[in-house]
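The chain contents come next:
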Amino acid sequence: MEKELIRLENCTMAFDDEVVLDNISLSIRDKEFLTLLGPSGCGKTTTLRIIGGFTKPVSGGVFFDGVRINDMPPHKRNVNTVFQKYALFTHLNVFENVAFGLRLQKPKLSKAEIARLVDEMLEVVSLRGFNNRDASSLSGGQQQRVAIARALVLKPRVLLLDEPLGALDLRLRKDMQNELKRIQQQTEITFVYVTHDQEEALAMSDTVVVMDGGIIQQIGSPEDVYNEPKNAFVADFIGESNIVDGIMRSDGEVEIFGRRMKCLDGGFGKDEPADVVIRPEDIDIVPLGSDAAMLTGQVTNVTFKGVHYDIIVDFKGFKWLIQTTDLSPVGGKIGIKLDPDSIHIMKKSRYSGMFGDYSSYSAEYDDISDASLGEDDVEDDE
Ligand code: ATP
């Protein structure tokens, strides 16, 4: 594993007494692709600006290679930034846009050296042969590549990217995500990337930092934050999740809807209330009345999604999303089976009860306590 390059230590930021970053600590390794992910206003850009030196935290330390750089101005930091509005020089061609920063360097670079570096970087961003094209004649994706080449040609240790694909259409975004990942791996420059798009974060990053309300909620690999979310906010923000109340009866055994089920989690107090997350794609539909049926619910809504169906199923008034390739008609009852590894237990948090119910998905929102389900265990109700 590469060594730490940047460290934020207990950084707090406030504007007019309003705290927008609350005591955050973060370690960024050399050569990694790290993404700050969270909803609008959670503090992603402010964190990026602190790393770039455009904003100073009101308290806490910023370290680069172990050296405190709180007071170092942006141009002295070995960091470059690409913004969503990439602001190319539209009156210059592609070559001159990329060469711009190189021409300002001291000691002065030779013409031949500048041409070599620009060509090398245009190759990296797949724009070989575009040297003489006017920047204004390029597509959005091509312009963004020029902006990235312009930043990378100066060989910073770190590239900060603030929603750089935000202005592109969906298809182009997807292509550019792959490109960015490849460019990062090829150049071995540390990327710190800001987005509110969870799919983008999962697709590109080595490390995802999930933020909300100026607080880091979880730091981990894409697999970690998806499979082992720390709390209901992370579970809901990353992917689709059914989140229900549970009680940990013992290590490896949780009770939901009055029914005990095996799980893989432990370390909770006996009978500790917990949040239980079950991903829609991890739920198996089984024949009604079969021994395998752990819960029984009623289908209230079906949406064809191409590869699978999204079905909403009412379990005792709590509506779950299930993704399945089996068609289950609206109004029908189904049994479901949950394997131990499809049940993930989280500590209760201030987000408990706020997420994870799909009632609003269904036309029957107002009819939440369906009389046909009765008061007893739904699984006994055929
Ligand atoms: P977005 O995705 O919308 O850009 P973000 O997660 O990047 O959001 P920030 O831009 O870091 O969020 O903003 C965090 C909070 O700080 C917001 O409430 C914002 O209004 C506030 N804020 C940011 N910069 C300033 C400023 N210069 N003066 C006052 N408030 C600010």
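Residues numbered from 1 in each chain as written. Predicted model: local features only at pLDDT ≥ 70, side-chain atom pairs only at ≥ 80, totals over all residues. Heavy atoms only, no water.

Take the packing of helix α4 (residues 140-152) against helix α5 (residues 170-187) next. Viewed as axis vectors pointing N to C, α4 and α5 meet at an angle of 20 degrees, and their least axial separation amounts to 11 Å. Here α4 is positioned roughly parallel relative to α5, judged by the angle of their axes. In this structure, the crossing between α4 and α5 has a hand that is right-handed. On α5, the residues that touch G141, Q144, R145, I148 and L152 of α4 are L172, M176, E179, L180, I183 and T187. Split by residue class, the contact of α4 with α5 holds 6 nonpolar, 3 polar and 2 charged. (Axes fitted to C-alpha atoms, helices over the stretch in contact; angles between N-to-C directions. Helix = DSSP H or I, 4+ residues; strand = E, 2+ residues; numbered from the N terminus. Parallel < 35°, antiparallel > 145°, perpendicular 65-115°, else oblique. Left-handed = near helix turned anticlockwise from the far one by under 90°. Contact = heavy atoms within 4.5 Å. Nonpolar A, V, L, I, M, F, W, Y, C, P; charged D, E, K, R; others polar.)

Right, let's get into the pattern of salt bridges. Per the counting criterion, the structure on display carries 28 salt bridges. In this structure, R173 and D197 form a salt bridge, with 3.6 Å as the shortest nitrogen-oxygen distance. A residue pair is termed long-range when its members are at least 10 positions apart, and R173 in helix α5 and D197 in the loop between β8 (190-195) and α6 (198-204) qualify at 24 residues. A relative accessible area of 10% means that R173 is categorised as buried. Residue D271 is joined to R249 by a salt bridge in which the shortest nitrogen-to-oxygen separation is 2.9 Å. Of this pair, D271 sits in the loop between β13 (259-262) and β14 (272-278) while R249 sits in strand β11 (residues 242-250); the two residues are 22 residues apart in sequence, bridging distant segments of the chain. Exposure remark for R249: the relative accessible area of 17% places this residue in the buried category. It is possible to trace a salt-bridge network through shared partners that takes in R249, E253, E255, R260, K270 and D271. (Salt bridge = Lys/Arg side-chain N within 4 Å of Asp/Glu carboxyl O. Buried < 20%, exposed > 50% of the residue type's maximum accessible area, 1.4 Å probe, protein only.)

To continue, consider the sheet that holds strand β7 (residues 158-162). With respect to topology, 6 strands assemble into an open sheet ordered β6-β7-β8-β3-β9-β10, the strand pairing being mixed. The two strands at the open ends of the sheet, each matched to only one other strand, are β6 (79-82) and β10 (215-220). When the angles between neighbouring strand axes are averaged without regard to direction, this sheet yields 20 degrees. In this structure, strand β9 (residues 207-212) lies alongside β10, joined through 5 bridges in antiparallel fashion. Residue pairing for β10: M211 is matched across the bridge by I216. Packing of α5 onto the sheet brings it into contact with β3 (33-37), β7 and β8, and relative to β8 it is tilted by some 155 degrees. (Pairing = 2+ DSSP bridges.)

What follows covers the packing of helix α2 (residues 94-103) against helix α3 (residues 111-124). Packing of α2 against α3 leaves a shortest axis separation of 10 Å and a crossing angle of 125 degrees. The orientation of α2 relative to α3 falls into the category oblique. For the pair α2 and α3, the sense of crossing is right-handed. Contact residues: α2 offers V94, F95, V98, A99, L102 and R103, while α3 offers I114, A115, L117, V118 and L122. Tallied by class, the residues present in the contact of α2 with α3 amount to 10 nonpolar, no polar and 1 charged.

Glancing now at the domain arrangement of the chain. Accessible area lost when the parts come together is the quantity often used to give the size of an interface. When cut into domains, the chain gives domain 1 (4-227) and domain 2 (232-373). Computed from C-alpha coordinates alone, the two centres of domain 1 and domain 2 are separated by 38 Å. Across the contact, 14 residues belong to domain 1 and 10 residues belong to domain 2. Interface area, domain 1 with domain 2, both sides summed: about 1,100 Å², of which 63% is carbon and sulfur. Where domain 1 packs against domain 2, one counts 0 salt bridges. The interface formed by domain 1 and domain 2 holds 5 residue pairs in polar contact (both at pLDDT 80 or more) in total. Residue assignment for the side of domain 1 that touches domain 2 shows that the elements contributing at least two residues are α6, β9, β10 and α7 (222-227). (Domains from an automatic or database assignment. Buried area = accessible area lost by both parts, 1.4 Å probe. Polar contact = N/O pair within 3.5 Å; in protein donor to acceptor, adjacent residues only side chain to side chain.)

A word on the packing of aromatic side chains. Tallied over the full model, the rule gives 12 aromatic pairs. Residues F257 and W320 carry aromatic rings whose centres are separated by 6.0 Å and whose planes lie at 35 degrees to one another, so their mutual orientation is tilted. Of this pair, F257 sits in the loop between β12 (253-256) and β13 while W320 sits in strand β18 (residues 318-324), and the two are 63 residues apart along the sequence. These aromatic residues form a ring-pair network of at least three members: F233, F237, Y351 and F355. One residue, R150, lies across the ring of F89, its end atom 5.6 Å from the ring centre. Taking the ring centre of Y226 as reference, the NZ or CZ of R279 above it sits at 3.9 Å. (Phe/Tyr/Trp six-rings, centres within 6.5 Å; stacked < 30°, edge-to-face > 60°. Lys NZ or Arg CZ within 6 Å of the ring centre and 35° of its normal.)

A few words now on α2. Along α2, 7 of the 10 residues are buried, which leaves the element largely enclosed by surrounding structure. Those residues of α2 that fall on the buried side of the exposure criterion are V94, F95, N97, V98, A99, G101 and L102. Its side-chain oxygen placed 3.2 Å from the backbone nitrogen of F95, N93 serves as the N-cap of α2.

The full set of residues close to the ligand is F15, V20, P39, S40, G41, C42, G43, K44, T45 and T46. One of the side-chain nitrogen or oxygen atoms of S40 is found 2.6 Å away from an oxygen atom of the ligand. Taken by itself the ligand offers 640 Å² of open surface, and the protein chains cover 57% of this. Of the residues contributing to the shell around the ligand, the split by class is 4 nonpolar, 5 polar and 1 charged. (Near = heavy atom within 4 Å. Areas by Shrake-Rupley, 256 points an atom, 1.4 Å probe, with all protein chains shown as cover.)

Before going further, it helps to examine the layout of surface pockets. Taken as a whole, the largest pocket holds about 580 Å³ of empty space. V79, N80, T81, A151 and L154 are the residues nearest the centre of the largest pocket, which is lined by 25 residues in total. Residue contributions to the lining of the largest pocket peak at 4 residues, all from β6. Roughly 200 Å³ of internal volume is contained in the second largest pocket. Of the residues belonging to the lining of the second largest pocket, the class tally is 5 nonpolar, 3 polar and 6 charged. (1 Å grid on protein atoms, 1.4 Å probe; cavity = no way out; pocket = protein on both sides within 12 Å on 5 of 7 lines; lining within 4 Å. Points joined across faces, edges and corners; volume = space filled by probe spheres on them.)

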